[in-house]
Amino acid sequence: MAESKKDDVRERRQEAMADLRVFLREAEAEGELVRVKGAKADLEIGALFELSNEHTYPPVLLFEDIPGFDPRFRILSNVRTSRFLVGDISLDAVRAYRARPKQKSEPIPPQDVNSGPVMDNIVEGAAVNLSNYPAPRWHEGDGGNYIGTECLIVTKDPDSDWVNIGTYRVMIQDDKRLSVFIEPGKHGDVIRKKYWDKGEACPIAVVVGQAPVLGVVASLSAKDGESELAIAGGRVGQAVKTVRGKHTGLPFPADAELVFEGFMPPLDKESATEGPFGEWPGYYASADRPEPVVHVKAVYHRNDPIILGQPPVKPNYPGRQIKIPRLAGLWDALEGAGVPGVTGVWLLQGGGSRFIPVVSIKQMHAGHAKMAGLVLAGCRPGAYMARMIVVVDDDIDITKPAEVMWAMATRWDPKTQTDIIDGCWTGHIDPALSPEKREKDDITNSRMIVYAVRPWHWKDDFPKVNAVSKGYAEEVRAKWRDKLKFLRD
Ligand SMILES: Cc1cc2nc3c(=O)[nH]c(=O)nc-3n(C[C@H](O)[C@H](O)[C@H](O)COP(=O)(O)O)c2cc1C
Ligand SMILES: [Mn+2]
């Protein structure tokens, strides 16, 4: 019974991942959906969204009746952080994720269909007016209105049939133009440059409402030539159905909510100021700069489209949950490099998904902690934009920041149990990157590795921990819990 219930939830989750409207119904049934009527696109929706992040599972917010806009256009936030989709956030959940049958999810190529709800409304040419679509100014320091946050940018390699989708932020420039911020080296950047090298504009489709699974795959780094649409199909066990834009021939989901189709001329021919935009580390670090623009030729939308709104907020909000797949990826990398005795991997709250990874190990030999720290600092999923890596013993509950701090406070000798490594991989959105380094295009930072473990060579002499043993605590709790309320709270 319990098993079949679990399977049932898994199945319902998969269906919700494959279809935004199904997700919305599930969120409502689960009591997670909150309808907000009448909040303004200028700052108010952004502030409400930010405050919703005071909860570990922020409510799923559906903004309706946005003043100044067609009431059919809604904005939906906090889809992929919902309790329904996420489940528990614990080390056990990470273990379960790593142990899942290595997804039989072979990619399933998208399936071209002739039509779908996204084709119900088509606006073209002179009728295109981008100011008709509610695009919030999310934070007070933002330099514009952002229609694309958790969005899909579709481009096609001109030399092959590779179609890429990536999540890159999208700002409204004026009634006919968007700008897209794509960092150098991302697939969307590699592909657009191939058109630009030939002096051509890059065809592009911008999807701002889609099945949750597509948001997942558009933000992971698939290999060159790999189709994120096919990966998404594999994950949900059915092909993503696509239709083609009339002007570019690019595919986009047949059940997409709202899509902009157009062309991006070479940067040296045309650009506009993009940003600043409040970024996930909690700052405006990449400032504003000239970025290429998209001339929108057509807009496609459903009758009552839902625009996804998921801007960054400071990572110290509880709603910036630790992502189970991300932890599983770090743990896999440690074990893949042969580090033995790993008992857990976590990310210290406040550091977001990158800055402060923590690993616990059951120490097995001299130098073991150092091996774990150096690999965590250097492995592919841990190398970008970290700041401090903490290694602790296996008796520390790394999901509790106070426990990690206690290990540092009591087992770490800064002079002898620290490595500082310079010249590591960081990004423009790293707020601590100095103006001098930015000027020289030296986008690197340093890392501190903290070995907050009992030193191996005298660990047996290390003072004993003063705490009631787990077993005895349970015995006492069982004996007294009916009489003592504080044991039950
Ligand atoms: C919500 C969200 C917003 C993002 N915004 C940007 C962005 O504005 N520019 C960018 O280059 N990458 C951004 N990323 C990261 C890319 O989506 C990610 O690197 C992805 O792998 C890019 O796809 P690609 O590998 O096909 O280029 C964002 C990711 C998420 C989850
Ligand atoms: Mn890609």
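Quantities reported herein were computed from a predicted structural model and do not represent experimental measurements. (Residues numbered from 1 in each chain as written. Chains lettered and ligands numbered in written order. Predicted model: local features only at pLDDT ≥ 70, side-chain atom pairs only at ≥ 80, totals over all residues.)

A. Looking closely at the sheet that holds strand β21 (residues 388-393). In space, the five strands of this open sheet follow the order β19-β20-β21-β23-β22, with mixed pairing throughout. On the outer flanks of this sheet lie β19 (342-347) and β22 (418-425), each paired with one strand and no other. Shown here is a sheet whose adjacent strand axes are inclined to one another by a mean of 20°, direction ignored. Here five bridges tie β21 to strand β23 (residues 444-452), and the two strands are oriented parallel to one another. In the sheet register, Val 391 faces β23, and the bridge partner there is Tyr 451. (Pairing = 2+ DSSP bridges. Helix = DSSP H or I, 4+ residues; strand = E, 2+ residues; numbered from the N terminus. Axes fitted to C-alpha atoms, helices over the stretch in contact; angles between N-to-C directions.)

B. Summary view of the site of ligand 1. Neighbouring ligand 1 are 17 residues; Gly 166, Glu 183, Lys 186, His 187 and Ser 219 lie closest to it. Those elements giving two or more residues to the shell around ligand 1 turn out to be β8 (163-166) and α6 (187-197). The residue makeup of the shell around ligand 1, split by class, is four nonpolar, nine polar and four charged. (Near = placed C-beta within 6 Å. Nonpolar A, V, L, I, M, F, W, Y, C, P; charged D, E, K, R; others polar.)

C. Quick look at the environment of Arg 83. Summarising the element assignment, Arg 83 is placed in helix α4 (residues 83-86). Among residues more than four places away in sequence, those in contact with Arg 83 are Glu 32 and Tyr 57. (Contact = placed C-beta atoms within 7 Å.)

D. Seen up close, the pairing of β23. As defined by bridge partners, β22 adjoins β23 across six bridges and the pair is classed as antiparallel. Note on β23: the bridge partner recorded for Asp 419 is Ile 449.

E. Structural view of the sheet that holds strand β13 (residues 251-253). Read across the sheet, three strands follow the order β4-β12-β13 without closing on themselves; strand pairing throughout is mixed. Of all the strands in the sheet, the pair left with one neighbour each is β4 (111-112) and β13. Judged from the three bridges that link them, strand β12 (residues 241-244) and β13 form a sheet pairing that is antiparallel. Residue Arg 244 lies in a different strand from β13, and its bridge partner there is Pro 251.

F. Representation of unusual backbone geometry in the model. Residue Pro 276 follows Gly 275 across a cis peptide bond; omega there is -5°. You can see Pro 276 is positioned in the loop between β15 (272-274) and β16 (289-291). For Asp 441, which is not a glycine, the phi torsion comes out positive at approximately 60°. In this structure, Asp 441 sits in the loop between α13 (435-439) and β23. Under the C-beta neighbour-count criterion, Asp 441 is labelled exposed, with 7 such atoms within 10 Å. (Buried ≥ 20, exposed ≤ 12 C-beta atoms within 10 Å, placed from the backbone.)

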